[in-house]
Amino acid sequence: MPSFKTTKDIEVPKRVVDQVIGQDFAVEVIKKAAEQRRHVLLIGEPGTGKSMLGVALADLLTSHHEQEDVLCYPNEKDPNQPLIKTFKAEEGEKIIVKLRNIMQSGISARRFLLFIIFGIVILGLIFMFWQYKESEFAPFVILGGVFNMIWIIFMLSFLMRGAPGMFKTVTGLAMMPKPLVTHKKNEKAPFVDATGAHDGALLGDVLHDPFQSGGLGTPPHERVIPGMIHKANNGVLFLDEVATLSPRSQQELLTALQEGKYSITGQSEKSAGSMVRTEAVPCKFILVAAGNMMEIQHMHPALRSRIRGYGYEVHMKETMPDSKENRQKIARFVAQEIKKDGKIPAFDKKAVETIIHEARKMANRKDHLTLRLREVGGLIRAAGDLAKEQKAKTVTPKHVLEARKIAKTLEQQIADKYIARKKEYEVIVTKGKQVGRVNGLAVMGSDGAYSGIILPIESAVTPGGKEREIVATGKLGDIAKEAIKNVSAIIKKHFGQDIKETHDVYVQFLQTYEGVEGDSASVAVATTIISALKGIPIKQDYAMTGSLSVRGEVLPIGGVSAKIDAAIDAGIKNVIVPESNMKDIVIDEDRMKKIKIIPVKTITEVLKSALEWKGKENILKKINSKL
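Conventions we followed
- Residues numbered from 1 in each chain as written.
- Predicted model: local features only at pLDDT ≥ 70, side-chain atom pairs only at ≥ 80, totals over all residues.
- Heavy atoms only, no water.
- Core = buried A, V, L, I, M, F, W, Y, C linked by side-chain atoms within 4.5 Å.
- Buried < 20%, exposed > 50% of the residue type's maximum accessible area, 1.4 Å probe, protein only.
- Helix = DSSP H or I, 4+ residues; strand = E, 2+ residues; numbered from the N terminus.
- Contact = heavy atoms within 4.5 Å.
- Expected span 1.5 Å × (residues − 1).
- Pairing = 2+ DSSP bridges.
- Axes fitted to C-alpha atoms, helices over the stretch in contact; angles between N-to-C directions.
- Salt bridge = Lys/Arg side-chain N within 4 Å of Asp/Glu carboxyl O.
- Polar contact = N/O pair within 3.5 Å; in protein donor to acceptor, adjacent residues only side chain to side chain.
- Left-handed = near helix turned anticlockwise from the far one by under 90°.
- Phe/Tyr/Trp six-rings, centres within 6.5 Å; stacked < 30°, edge-to-face > 60°.
- Lys NZ or Arg CZ within 6 Å of the ring centre and 35° of its normal.

Grouped together as the largest cluster of nonpolar side chains are 41 residues, with contacts concentrated most on Ile457 and Ile529. Examining the composition of this core, we find that eight residues originate from one element, helix 18 (residues 522-534), more than from any other. Residues contacting Ile529, with those up to four places away along its chain left out, are Ser459, Val461, Ile470, Val487, Ile491, Val505 and Val507. Grouped together as the second largest cluster of nonpolar side chains are 32 residues, Met320, Ala331, Leu371 and Ala382 included.

Here you go:
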């Protein structure tokens, strides 16, 4: 760790690209993309820095490209095809201001002239009334004067039809060009986050005008709305979850990428805006598309091909080695988050070390630190909020540990309730011995946000052989079902008995409302079936997890730390885990004292540890002879 007292002593890089943590390959790609204007596809788990890389790319583009103003002009020959013109940054606004001043000065002069003429007419009427007030023709003179006044005002109104402030028509200010995209000089290249945008927002739209009749409607060019692809011109368009775009939107996006310009038209076929189509509007943006591996198959093939052919694909890292250099990066990340938030106090050195320890736990991998930094950032802000609430000058380890409790994920909160409720109704048993019952372990959530739960499993073996395979009940996924089928091969190998021919086997995953998706319960299933088949009790202060091969080998699983945490919270004293997972266990030292971890390589080692063999020594000898 670098020498510092608080995070105030840690220098935060000014450039966004230098603030990216642990994604060295992605950073190099982003630098190349900025220099050569290449598109980028970022694939990885949420919170690994994909949007930050997009911002970094826009930041790097600023020194390479000048921005443009885009104006939309009326088209006298064809009003439904507005004209598009581009200018240097700030020039577009200057043109509009200049035209508006010219127009306003003309309107002011006409209004002044109208006022003078109107005054002269009024004075003329007063003079006529004064001259003929005693005459018998006075009413006719006055009436004629009023008609003349009305006629003069009408003619003046016709001549001043270019003043829309008084008479709404399609001339005058209403025919001024409309600014679609404007920029200031030396402005940063735009970064537009179009994630989740609908067609109109992404591609541009033309508003509907319900009163467009008789020349009284809003001119077509005034109803044109630029899309995000146009606002991102000479900048970056960021699209997370790109595969959620409709196929049509992806196809239109591809067209915009290829042409570097895209006409704006009404997106609703029933709208008057669908009759309007502008000239092509510049949209020379760099696309940074993002998503996870599952989304790639839903991307438009041509769109992905375009990115791959004219850019780069990057798979985001989820962890980095737990080295001195990388621990310094996490410390710098803490300083960056504090500066970005602007509302929380600095962290002292011990608090930063506590954050680093949490990053180890989130990695779910021994000697690694997580790169799902959004979750780490959430913990930093929660700890900062607590310190500020307590009026502390700096954040200490105490605040971080308290924040860990209040900043639990939904899965963790549900898991806590699950364990408490199951213990209350004695669904989870942690004492004594029972035949055909075992405490399995499972997880909720995804990588980096695992929450462990106890998974009680019971088995019953009855004479019969009518069932073709093991009958499992509970909310099981396909992988879990396939793993259970392998158990019969294990029993046949160790006991020389094909249970499918002579017995029916029933396995129940008790109250699995959350579902069982993986094969990490297959060790527990094999243990409970063997227990039920041979009548050997299982120690209930044991819990176990592990994937089982058809040869009886115990294979590694995911979320081992979260599973052990769940066993500790449930009051279980011993937990059996695959030996190959031992390097992945990251648990607080004080909690590790509450449980004994038993690493195993084979199902035989599991059976020796978890079953009560008193009075069944002959069966144990038979198993040993198979080794």
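Once you've had a look at it, read on.
Residue pairs spaced three or four apart in an α-helix point in one direction, given the helix's 3.6 residues per turn. Helix length check: helix 10 (residues 324-341) (18 residues) gives 26 Å between terminal C-alpha atoms against 26 Å at 1.5 Å per residue, within 8%. The complete set of buried residues in helix 10 reads Asn326, Lys329, Ile330, Ala331, Arg332, Phe333, Val334, Ala335, Gln336, Glu337 and Ile338. Buried residues along helix 10 sit against helix 1 (24-36), helix 2 (50-61), strand 13 (319-321), helix 11 (349-363), strand 14 (368-370) and helix 12 (373-389). Downstream of helix 10 by one or two residues, Gly342 has phi in the positive range, about 75 degrees.

With that settled, consider the sheet that holds strand 11 (residues 286-291). Pairing is parallel in the open sheet, where five strands are placed in the order 5-8-11-1-12. A single partner strand is all that each edge strand has here, and the edge strands are strand 5 (191-193) and strand 12 (311-315). Mean inter-strand twist for the sheet, computed between neighbouring axes without regard to direction, equals 15 degrees. Bridge count for strand 5 against strand 8 (residues 236-239) is three bridges, and the pairing is parallel. Counted as the bridge partner of Asp193 is Phe238 from strand 8. In the packing of helix 9 (residues 301-309) onto the sheet, contacts are made with strand 1 (39-43), strand 11 and strand 12, and the angle to strand 12 comes to roughly 100 degrees.

Bringing the pattern of salt bridges into the picture now. Under the defined criterion, the tally for this structure stands at 22 salt bridges. A salt bridge links Asp322 to Arg360, with the nearest nitrogen and oxygen atoms 2.5 Å apart. With a gap of 38 residues between them, Asp322 in the loop between strand 13 and helix 10 and Arg360 in helix 11 connect regions that are remote in the sequence. Judged by its relative accessible area of 19%, Asp322 falls in the buried class.

Tracing the backbone through its elements, the reader meets Asn75 in the loop between strand 2 (68-73) and strand 3 (83-88). Judged by relative accessible area, Asn75 falls into the buried class, the value being 13%. Among the polar contacts made by the side chain of Asn75, one reaches the main-chain amide nitrogen of Lys77 at a distance of 3.1 Å. Of the polar contacts made by the side chain of Asn75, one reaches the backbone nitrogen of Asp78; its length is 3.3 Å. Setting aside residues no more than four positions away along its own chain, Asn75 makes contact with Gln81, Pro82 and Leu83.

With that out of the way, let us pick up the packing of helix 11 against helix 12. For the pair helix 11 and helix 12, interaxial distance at closest approach is 11 Å and the crossing angle is 145 degrees. The way helix 11 lies across helix 12 gives a crossing that is right-handed. For the pair helix 11 and helix 12, contact is made by Ile355, Glu358 and Met362 and by Glu375, Val376, Leu379 and Ile380, respectively.

This paragraph deals with the environment of Lys50. Relative to the elements of secondary structure, Lys50 occurs in helix 2. Sequence-wise, Lys50 and Met316 are 266 residues apart; in three dimensions their C-alpha atoms are separated by 7.9 Å. At a separation of 2.9 Å, a polar atom in the side chain of Lys50 contacts the main-chain carbonyl oxygen of Glu45.

Glancing now at the packing of aromatic side chains. For the structure on display, the rule yields one aromatic pair. Summarising the aromatic geometry, the rings of Phe191 and Phe238 are spaced 5.9 Å apart at their centres and angled 35 degrees between planes, so their arrangement reads as tilted. A residue pair is termed long-range when its members are at least 10 positions apart, and Phe191 in strand 5 and Phe238 in strand 8 qualify at 47 residues. The class of Phe191 is partly exposed, set by a relative accessible area of 30%. Cation over ring: Lys349 sits above Phe4, and NZ or CZ is 5.8 Å from the ring centre.

When you line up the elements, Phe4 lands in the segment before helix 1. Placed 344 residues apart in sequence, Phe4 and Asp348 show a C-alpha to C-alpha distance of 8.3 Å. When sequence neighbours within four positions are dropped, the list of residues in contact with Phe4 reads Asp9, Ile10, Lys349 and Val352.

A positive phi angle, near 55 degrees, is found at Arg37, a position not held by glycine. Tracing the backbone through its elements, the reader meets Arg37 in the loop between helix 1 and strand 1. Even without a glycine there, the phi angle at Asn234 is positive, about 60 degrees. By the element assignment, Asn234 lies in the loop between helix 6 (228-231) and strand 8. The exposure class assigned to Asn234 is buried, which follows from its relative accessible area of 10%.

Our next topic: the sheet that holds strand 2. Reading across the sheet, the three strands line up as 3-2-4 and stay open at both edges, with antiparallel pairing between neighbours. Strands at the two margins of the open sheet, each flanked by one partner only, are strand 3 and strand 4 (178-181). Averaged over all neighbouring strand pairs, the angle between strand axes comes to 35 degrees, with direction disregarded. The pairing of strand 2 with strand 3 spans six bridges and is antiparallel. Residue pairing in the sheet places Cys72 in a bridge with Ile84 of strand 3.

Purely spatial values, then, with no claim about function.
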